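Residue-level structure breakdown
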Amino acid sequence: MSPATKRQRIAIDEDSWVNQLTPSAQSVILFVHGTFGDAKETWRGTSEALLTNPGLSSFDTASFGYSSKVFERNTPDTFTEKLRLWINTHLSSYTDIYIIAHSMGGLLVRGSICAMLNDAGENKTVKKIRLCFLVASPVTGSKVATFLTKIGLSKIHKRLDYLDNPKFNGKPLGKAYAAAVKRYCDNGGDTIDAPHFHIFTAERDIFVGKPKKSFYTKFDHDEGVLPGTHGSVKLELDINSTLITRVAQLVLDSIGTSRRLQKSRINAIQESTREREEAALASPGCGAALAGGTGETVDILLISCSNTKSDASGHHFDGNASLLSQLDDPDIRQLIFATRNRMLTSIQGGLVDGIEFSEGNRGSRPINKELIFGPDFGGRINESKFLPAYLRYKGRCYQATPDEWAKFLQQPKRPVVLIMSGLYGLLLATDSIQNYDAHLTDVNLEAGVSIQTYWKDRELMTEILLSHIKWLEKNVGPVGRVVDALSELSYQETINWSLIRHRWPVFHRVFEKRAGRDALANLGVWVRDVLRDPNLLKSIEYDQFYENKSFLDEDRIAFERLIGETSLKVMRQIKN
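Residues numbered from 1 in each chain as written. Predicted model: local features only at pLDDT ≥ 70, side-chain atom pairs only at ≥ 80, totals over all residues. Heavy atoms only, no water.

Moving on, we come to the overall build of the protein chain. Per the secondary structure count, the protein chain includes 20 helices and 22 strands. The buried share among the 576 residues of the protein chain stands at 56%. Restricting to contacts in the protein chain with at least 6 residues of sequence separation, those with at least 24 account for 75%. (Helix = DSSP H or I, 4+ residues; strand = E, 2+ residues; numbered from the N terminus. Buried < 20%, exposed > 50% of the residue type's maximum accessible area, 1.4 Å probe, protein only. Contact = heavy atoms within 4.5 Å.)

Now for the packing of aromatic side chains. This structure, assessed with the given rule, holds 18 aromatic pairs. Judged by centre distance (5.7 Å) and plane angle (70°), the rings of Phe317 and Phe386 are edge-to-face. Residue Phe317 is found in the loop between β11 (298-304) and α11 (330-348), and its partner Phe386 is found in the loop between α12 (366-369) and β13 (387-388); the two are separated by 69 residues along the sequence. Here Phe386 falls in the buried class, since its relative accessible area comes to 0%. Summarising the aromatic geometry, the rings of Phe511 and Phe551 are spaced 5.7 Å apart at their centres and angled 75° between planes, so their arrangement reads as edge-to-face. (Phe/Tyr/Trp six-rings, centres within 6.5 Å; stacked < 30°, edge-to-face > 60°.)

Below, the discussion takes up the sheet that holds strand β22 (residues 556-560). The seven strands are arranged β15-β14-β11-β19-β20-β22-β21 in an open sheet whose pairing can be described as mixed. Strands at the two margins of the open sheet, each flanked by one partner only, are β15 (425-428) and β21 (546-547). Of the strand pairs in this sheet, β11 and strand β19 (residues 479-484) are connected by four bridges, and their pairing is parallel. Pairing of Val298 across the sheet is with Val479, part of β19. (Pairing = 2+ DSSP bridges.)

It is worth spelling out unusual backbone geometry at this point. Its identity is not glycine, yet Ser103 carries a phi of approximately 55°, on the positive side. Here Ser103 lies in the loop between β5 (96-102) and α3 (104-118). A relative accessible area of 7% means that Ser103 is categorised as buried. Despite not being glycine, Asp543 has its phi angle at roughly 55°, a positive value. Here Asp543 shows up in the loop between α20 (536-539) and β21. Note on Asp543: relative accessible area 37%, which makes it partly exposed.

Now for helix α19 (residues 520-532). Taking 1.5 Å of rise per residue, 13 residues should cover 18 Å, and α19 covers 18 Å from first to last C-alpha, within 8% of that figure. For α19, the tally of buried residues reaches twelve of 13 residues, placing the bulk of the element in the interior. (Expected span 1.5 Å × (residues − 1).)

What follows deals with α3. Taking 1.5 Å per residue as the helical rise, α3 with its 15 residues ought to reach 21 Å, and the 21 Å between its terminal C-alpha atoms agrees with that figure. In terms of residue burial, α3 counts as a mostly covered element, since 14 of its 15 residues are buried.

The next point concerns the sheet that holds strand β12 (residues 352-353). Read across the open sheet, the three strands follow the order β12-β17-β18; overall the sheet is antiparallel. On the outer flanks of this sheet lie β12 and β18 (449-450), each paired with one strand and no other. When strand β17 (residues 443-444) meets β18, the two strands line up antiparallel, connected through two bridges. Counted as the bridge partner of Asn444 is Val449 from β18.

Here we come to the pattern of salt bridges. Where charged atoms of side chains with opposite charge meet at close range, the side chains can pair. One pass over the structure, following the stated rule, counts 24 salt bridges. In this structure, Lys210 engages Asp222 in a salt bridge whose closest nitrogen and oxygen atoms are separated by 2.5 Å. A residue pair is termed long-range when its members are at least 10 positions apart, and Lys210 in the loop between β9 (196-204) and β10 (220-229) and Asp222 in strand β10 qualify at twelve residues. Taking the shortest distance from any N to any O, the salt bridge between Glu488 and Arg517 comes out at 3.6 Å. Of this pair, Glu488 sits in the loop between β19 and α17 (489-492) while Arg517 sits in the loop between β20 (506-511) and α19, and the two are 29 residues apart along the sequence. Assessed through its relative accessible area of 28%, Arg517 is described here as partly exposed. (Salt bridge = Lys/Arg side-chain N within 4 Å of Asp/Glu carboxyl O.)

By the element assignment, Val126 lies in helix α4 (residues 123-126). Each C-alpha atom, one on Val126 and one on Ser112, is 9.9 Å from the other, the two residues being 14 residues apart in sequence. For Val126, the residues in contact, after removing those within four places along its chain, are Ile113, Met116, Leu117, Tyr184, Asp193 and Pro195.

This part takes up the nonpolar core. Among the nonpolar cores identified, the biggest contains 113 residues, and Leu301, Leu302, Ile419 and Trp526 are the most heavily contacted of them. When residues no more than four places from it in sequence are discounted, the contact partners of Leu302 are Leu418, Leu426, Leu465, Val482, Val483, Asp484, Ala485, Leu486, Ile495 and Trp497. Formed by 45 residues, the second largest nonpolar core is a distinct cluster that contains Ile99, Val109, Tyr162 and Ile199. (Core = buried A, V, L, I, M, F, W, Y, C linked by side-chain atoms within 4.5 Å.)

Turning next to the side chain of Arg110. Mapped onto the elements of the fold, Arg110 is located in helix α3. Look at Arg110 and you get buried, because its relative accessible area is 0%. If near-sequence neighbours (up to four positions away) are discounted, Arg110 is found in contact with Leu173, Gly174, Tyr177, Phe197, Phe215, Thr217 and Asp220.

Another aspect to go through is the environment of Ala406. For Ala406, the location among the structural elements is in helix α14 (residues 402-409). Once the C-alpha coordinates of Ala406 and Leu531 are considered, the two residues, 125 residues apart in sequence, prove to be 9.7 Å apart.

β20 sits mainly inside the fold: six of its six residues count as buried. Residues of β20 alternate between two faces, with Val506, His508 and Val510 on one and Phe507, Arg509 and Phe511 on the opposite face, all of them buried. Pairing of β19 with β20, which is carried by three bridges, proceeds in the parallel orientation. Within β20, the residue paired with Asp484 across the bridge is His508. The pairing of β20 with β22 spans four bridges and is classified as antiparallel. Residue Val510 lies in a different strand from β22, and its bridge partner there is Ala558.

This is how it looks when you write it as structure tokens:
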């Protein structure tokens, strides 16, 4: 979605406003100007550049303004309290708040958050402030203010003392923040919810230097030097500028790594589990669905993507056929976009290498260079570069013909087929995807971790699956069983199955004679047969071999309750 359109400006006062995309937006970026600045000119072009990142395109923006005359009657403490009240009044409805402040604006932000941490009544709001970015802010004083104070000008300009030696409640801003966090925790808060600050300095800043080491707490992070002067460092920036790139990266990382969000997910899972089990015990007939019976239930079949893909195009993105439209929790959609964007940025930036199969740097592949920021990544560009996933993937696991897929997808009571992809996460078979080249075990050379890590950590892939199941049970019907026909251990281990099988029976496929990639051809035969006759899913049992005349080597398929624990003699994939 374009940042320049479809946002309604809601004026709060003559100096402040909120640019609202929709009344239900979850995240907002607040901009705060500095001394002699104003809400409009200080950040000219910066918010627009930031929102061109597809992962941030659904964010609202806001701007807080205050009087910044040369001779100002109000003290900085007055503005600090005004900002504190403004955040509580106008931003408390958001789930996540990010703040970017310039010069003295950074001091006001620091002081406001200290005040909020000290007040137990504001715990709920301060927990929503995820990150603060201070640009050229004199957190340990301004050398120019120090000089002007020494020659006596602070008597006529009340801000000079504050800019010379900024404090909150009589303490330097570093110590004041550490004390405020301690008070917050004493009032029942958690240190993981305390906002973190990222500090940027300007290369040619004659007013503000690098903060002293005494300022930094464990919640403060030095982001180094930005090109420009004190005034130009935040003006007319584009999507490739250092500040915009780094802020976008940190915001997207915070979305994907929020321990606070993870805790709420686990609590929701546990509560939903308890309610479902109680309902099953109380209602006749519900136990069959919980136990995976053969009643009117929806089964789920999970398969892997494939390395071999069709290079055809001609389709535009169809949001109605996407898993993104079938999630119970809207926050999960945002996490998916953030992770997909991180994958795409890393691939196109030359940071991802196909080490496991010696396939080289993914950024050098022409098809990866041609990937666009389309709706599949949260962007707006909808060119005819898409195919439904079931038509895009052409590997050994995809032996069903297009006609067989089409016939299967038209059945009203069919199972749901989900496809796991290193780039996209989980997909419906009908999801519109671009042509790409990446594998779940590819390694991010800069971070030293595999692509799988980004989907596995914090149970993200599991959360996506659970959110879709919850949507199905609300909109389609009770889910009966989950069948894991994923191709390799790297795919299987991306999901925390204990959170799934606690509520629904899970069947993990194994073969008597083949494992891993060697079993793909036989797995493709079995998946094809399921598409032809979906009732096959309801007939399978644990720890029992099933023959198929089309299997290579006269192999047989079986299903186990837990990975690695069947009593049958089967072939196992050797972990690398």
